[in-house]
Amino acid sequence: MHPLIELEGRHCAQNYHPLPVVLVRGDGPYVWDDQGRRYLDMMSAYSAVSHGHAHPRIVNALVEQARTLNIVSRAFHSDRLGEFLARACRLTGQDMALPMNTGAEAVETAMKAARKWAWQVKGVPDGEQEIIACAGNFHGRTIAICGLSTEQQYRAGFGPFPPGLKTVPYGDAAALEAAITPRTAAFLVEPIQGEGGIVIPPAGYLAACAEICRRHDVMLIADEVQTGLGRTGKLLACEHEGVKPDGLVLGKALGGGVLPVSMFLARRELMAVFRPGDHGSTFGGNPLAAAVGLEALQVLEDEDLAGQSASKGAWLLEELHRIDSPLVREVRGRGLFIGIEIDPAQASAREVVLALMARGLLSKETHATVVRLAPPLAIPMELLEWAVAQLRAVLTEGGLRP
Ligand SMILES: *Cc1c(COP(=O)(O)O)cnc(C)c1O
């Protein structure tokens, strides 16, 4: 076994099952392993690297700010935070933002905001607020969020979970309406389920949910940690249905592929529940993260990453649909956010990603049956063409075990 993999295995908690490759460098759509082998990164760190590895402008912003001022905590103001949050609000059409670091923290922030709003504004007795999420969701790994999960592995052994959490089937707006009670604070939903396996709900679902939430005075909170910032071919996946949620969670690509940066954004009425001392984060909104996040948003606009994702994703999806393979049950996606559902009777998704890795293409299985394709959004067309050739070779009979 590789000595570094062995070393990691001896000292790192075994909470992941990485592919057996040791990466040492990244540049744009490429990463290199310690043997000097180059790979096309079609995973992008679960979409945290939508801008590509080591984007020069983002790295510059990081280095410049690192030389100037990094961490001050929110005990003081900094000259970087206001501009970053103003840009994020302008881009997303939201009024205010609360900066955090990881996606899970920003989701927790959204849940706290919704519960407090339900208590203070909607008049739900404190302790009785309810939050509804969807079966198959992924919102992170804290205890409260695991309490929303329907994935047994994410829950087993980690209870007890907080009360007031329930789930409804994904893609079923009528089920949402039936689950709403006078105590419901919020409906938390991914416009496309990412970790759930790139699951796209029926057309009109999100718009119907938005209408139901409006009618019942329930906050619609979109978790766009993975789908946001261009991944699905629009700045936000909610835009595909013309929906503006009451609250919005961003993370992953917000850090430009170099830092963990997340935020909860909301309309004023929802964010107004937070008073000094209610909630916080030592690192949330630090000048280094703000400088990096601002540049990440600027690059997103300047390079039209959402537009690139839309056109390249449409091309890739069409090419993948053309691959005639007994291994493939379904190909689905939007923008450069694509899942290939493998027939488990033929192969596991893990076998497919290992065969792709041997050909210099990195992706990752989600659950046992879905191969996820989510490259950096500025990936050149000729690399996508090369990727399709590798996928065809692996998925077409005989190609799996070279
Ligand atoms: C990754 C993800 C999260 C959690 O983000 P972390 O930074 O890993 O805490 C939350 N929601 C969605 C939709 C995600 O894909």
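Summary of the structure given here. Here, residues in each chain are numbered from 1, in the same order as that chain's written sequence. Local features in this predicted model are restricted to residues of pLDDT 70 or higher, and side-chain atom pairs are both shown and tallied only at a pLDDT of 80 or more, whereas totals for entire chains, interfaces and linings draw on every residue. No hydrogens and no water enter the side-chain calculation; it runs on all heavy atoms of the structure.

What about the sheet that holds strand β12 (residues 338–342)?
Then, number 1: Strands are treated as partners if at least two bridges between them are detected by DSSP. Think of it this way: any DSSP run of H or I at least four residues long counts as a helix, any run of E at least two long counts as a strand, and we number them from the N terminus. Taking strand neighbours across the sheet as the criterion, the four strands line up as β11-β12-β15-β14 in an open arrangement whose pairing is antiparallel. A single partner strand is all that each edge strand has here, and the edge strands are β11 (328–333) and β14 (364–366). Neighbour to neighbour, the strand axes of the sheet diverge by 30 degrees on average, direction disregarded.
Then, number 2: In this structure, β14 lies alongside strand β15 (residues 370–373), joined through three bridges in antiparallel fashion. Residue Glu 365 lies in a different strand from β15, and its bridge partner there is Val 371. Lines fitted to the C-alpha atoms define the axes, with helices restricted to the stretch that makes contact. Angles between their N-to-C directions range from 0 to 180 degrees.

Looking at the site of the ligand
Then, number 1: In the region of the ligand, the neighbouring residues are Thr 102, Gly 103, Ala 104, Phe 138, His 139, Gly 140, Glu 190, Asp 223, Val 225, Gln 226 and Lys 252.
Then, number 2: The separation between an oxygen atom of the ligand and a polar main-chain atom of Gly 103 is 2.8 Å.
Then, number 3: One of the side-chain N or O atoms of Lys 252 is found 2.6 Å from an oxygen atom in the ligand.
Then, number 4: Protein chains shield 81% of the accessible area of the ligand, which is 380 Å² for the free molecule.
Then, number 5: Considered class by class, the residues forming the shell around the ligand number three nonpolar, five polar and three charged. In these notes, residues near a molecule or strand are those with any non-hydrogen atom within 4 Å of it. Contacts described as polar in this section are N or O atom pairs within 3.5 Å, which, within protein, must combine one atom able to donate a hydrogen with one able to accept it, while residues neighboring in sequence count only if both atoms come from side chains. Residue-level accessible areas treat just the shown protein chains as cover; the underlying method is Shrake-Rupley with a 1.4 Å probe. The classification used treats Ala, Val, Leu, Ile, Met, Phe, Trp, Tyr, Cys and Pro as nonpolar, Asp, Glu, Lys and Arg as charged, and all other residues, Gly among them, as polar.

A few points about the side chain of Ser 281
Then, number 1: In this fold, Ser 281 is placed in the loop between α10 (268–271) and α11 (287–302).
Then, number 2: To sort residues, take the accessible area from a 1.4 Å probe on protein chains only and compare it with the maximum for the residue type: under 20% means buried, over 50% means exposed, and anything in between is partly exposed. Ser 281 gets classed as buried once you look at its relative accessible area, which sits at 18%.
Then, number 3: One polar contact links the side chain of Ser 281 to the main-chain amide nitrogen of Gly 284, over a distance of 2.9 Å.
Then, number 4: Here a residue-residue contact requires only that any non-hydrogen atoms of the pair lie within 4.5 Å. Apart from residues no more than four positions distant in its own chain, Ser 281 is found in contact with Met 100, Asn 101 and Glu 105.

Looking at the packing of aromatic side chains
Then, number 1: The rule is short: rings of Phe, Tyr and Trp, with Trp giving its six-membered ring, pair when the centres are within 6.5 Å, and they are stacked under 30 degrees, edge-to-face over 60, tilted in between. With the rule as written, the count across this model stands at three aromatic pairs.
Then, number 2: Taken together, a centroid distance of 6.0 Å and an interplanar angle of 55 degrees make the contact between Tyr 30 and Trp 32 tilted.
Then, number 3: Residue classification places Tyr 30 among the buried residues on the basis of a relative accessible area of 18%.
Then, number 4: Owing to a relative accessible area of 16%, Trp 32 belongs among the buried residues under this scheme.
Then, number 5: Here the aromatic rings of Phe 138 and Tyr 154 are separated by 5.9 Å at their centres, their planes lie at 80 degrees, and the arrangement is edge-to-face. Of this pair, Phe 138 sits in the loop between β5 (130–134) and α6 (143–148) while Tyr 154 is found in helix α7 (residues 152–155), placing the two residues 16 residues apart along the sequence. Accessibility classification places Phe 138 together with Tyr 154 in one group, the buried group.
Then, number 6: The ring of Trp 32 carries Arg 25 above its face, with NZ or CZ at 3.9 Å from the centroid.
Then, number 7: Placement of a charge over a ring requires the Lys NZ or Arg CZ to be within 6 Å of the ring centre, with the centre-to-atom vector within 35 degrees of the ring normal. Sitting over the face of the ring of Tyr 30, Arg 38 holds its NZ or CZ atom 4.0 Å from the ring centroid.

Side note on the sheet that holds strand β2 (residues 30–33)
Then, number 1: Taken in spatial order, the four strands make up an open sheet running β1-β2-β3-β13, and their pairing is mixed. Here the strands that pair on one side only, and so sit at the sheet edges, are β1 (23–27) and β13 (361–362).
Then, number 2: The pairing of β2 with strand β3 (residues 38–41) spans three bridges and is antiparallel. Residue pairing in the sheet places Val 31 in a bridge with Tyr 39 of β3.

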